[in-house]
Amino acid sequence: MKPSAILFAALPVLASAQTPPPVIDSAKLPVITTAPGVTLRELSGRTAPAGARSDKVSVALFHLEPGKASAWSHNKEGEESFFVLNGTGEIWTDGHVQTIGPGSYIVIQPSTVRSIRASKGVPLDFYAITSPAWSKDDDVLTTAPAGAPK
């Protein structure tokens with residue numbers, strides 16, 4: 001077989017070969033501070049590392065120092081899920097509070113005012129998954145509902 005025939009026979013295989021998706025080490029990602037004692041690392045989303053960028057979904061690994069809380073906010077369109085890895089705390093959604101701990105999972109619909117808070121003396125780590133991917137334009141900062149901590 002001629003070398004050119006081998007090359008042309010191999011082209012479909014070469015064209016279909018893809019680079020595998022990156023394995024991301026969250027500890028090596030930049031830390032983004034959203035408030036005193038509240039940080040995140042973006043694993044996927046609009047500004048994530050190359051190979052993990054997406055407009056469809058974002059995943060952020062949050063860390064809350066003991067007693068600290070995320071801002072009171074809601075998404076206009078994005079559905080959000082929180083999955084607690086370790087620590088304890090509480091999730092406030094539209095003025096209702098629920099206790100959370102390792103393995104807790106909650107789905108938050110758009111327009112639901114929410115904040116997540118670490119217990120005093122215990123840090124809280126959780127994933128926040130947003131679909132479509134989180135964007136500054138979709139996130140609305142607001143005030144705490146009546147009866148909720150500020």
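Reading guide: rules and limits
- Residues numbered from 1 in each chain as written.
- Predicted model: local features only at pLDDT ≥ 70, side-chain atom pairs only at ≥ 80, totals over all residues.
- Heavy atoms only, no water.
- Helix = DSSP H or I, 4+ residues; strand = E, 2+ residues; numbered from the N terminus.
- Buried < 20%, exposed > 50% of the residue type's maximum accessible area, 1.4 Å probe, protein only.
- Contact = heavy atoms within 4.5 Å.
- Salt bridge = Lys/Arg side-chain N within 4 Å of Asp/Glu carboxyl O.
- Phe/Tyr/Trp six-rings, centres within 6.5 Å; stacked < 30°, edge-to-face > 60°.

**Let's talk about the overall build of the protein**
The helix and strand inventory of the protein stands at 1 helix and 11 strands. Along its sequence from the N terminus, the protein presents helices and strands in the succession α-β-β-β-β-β-β-β-β-β-β-β. Split into buried and exposed, the 150 residues of the protein put 35% on the buried side.

**Some points on the environment of Phe62**
Mapped onto the fold, Phe62 is located in strand β3 (residues 58-64). Separated by 24 residues in sequence, Phe62 and Val38 have C-alpha atoms that sit 7.3 Å apart. Residues contacting Phe62, with those up to four places away along its chain left out, are Val38, Thr39, Leu40, Leu124, Asp125, Phe126 and Ala128.

**Comments concerning the pattern of salt bridges**
All told, the structure shown has 2 salt bridges when counted by the stated rule. Salt-bridge contacts for Arg46 lead to Asp55; the nearest nitrogen and oxygen are separated by 3.3 Å. Residue classification places Asp55 among the exposed residues on the basis of a relative accessible area of 53%. Arg114 serves as the salt-bridge partner of Glu80, at 2.3 Å between the closest nitrogen and oxygen. Here Glu80 is found in strand β5 (residues 79-86), whereas its partner Arg114 is found in strand β9 (residues 114-118), with 34 residues between them in sequence. Both residues of the pair, Glu80 and Arg114, belong to the buried class.

**Focus: the packing of aromatic side chains**
Scanning all chains against the criterion turns up 4 aromatic pairs. Between the aromatic rings of Trp72 and Trp92, the centroid separation amounts to 6.3 Å while the plane-to-plane angle is 70°, which identifies the pairing as edge-to-face. Taken together, the residues Trp72 in the loop between β3 and β4 (73-75) and Trp92 in strand β6 (residues 89-93) connect sequence positions 20 residues apart. A residue is classified by how much of its surface remains accessible, and Trp72, at 8% relative accessible area, is buried. Considering the side-chain rings of Phe82 and Phe126, the 5.1 Å spacing of their centres and the 65° angle between planes classify their relative orientation as edge-to-face. Here Phe82, found in strand β5, pairs with Phe126, found in strand β10 (residues 124-131); they are 44 residues apart in sequence, far enough to count as distant.

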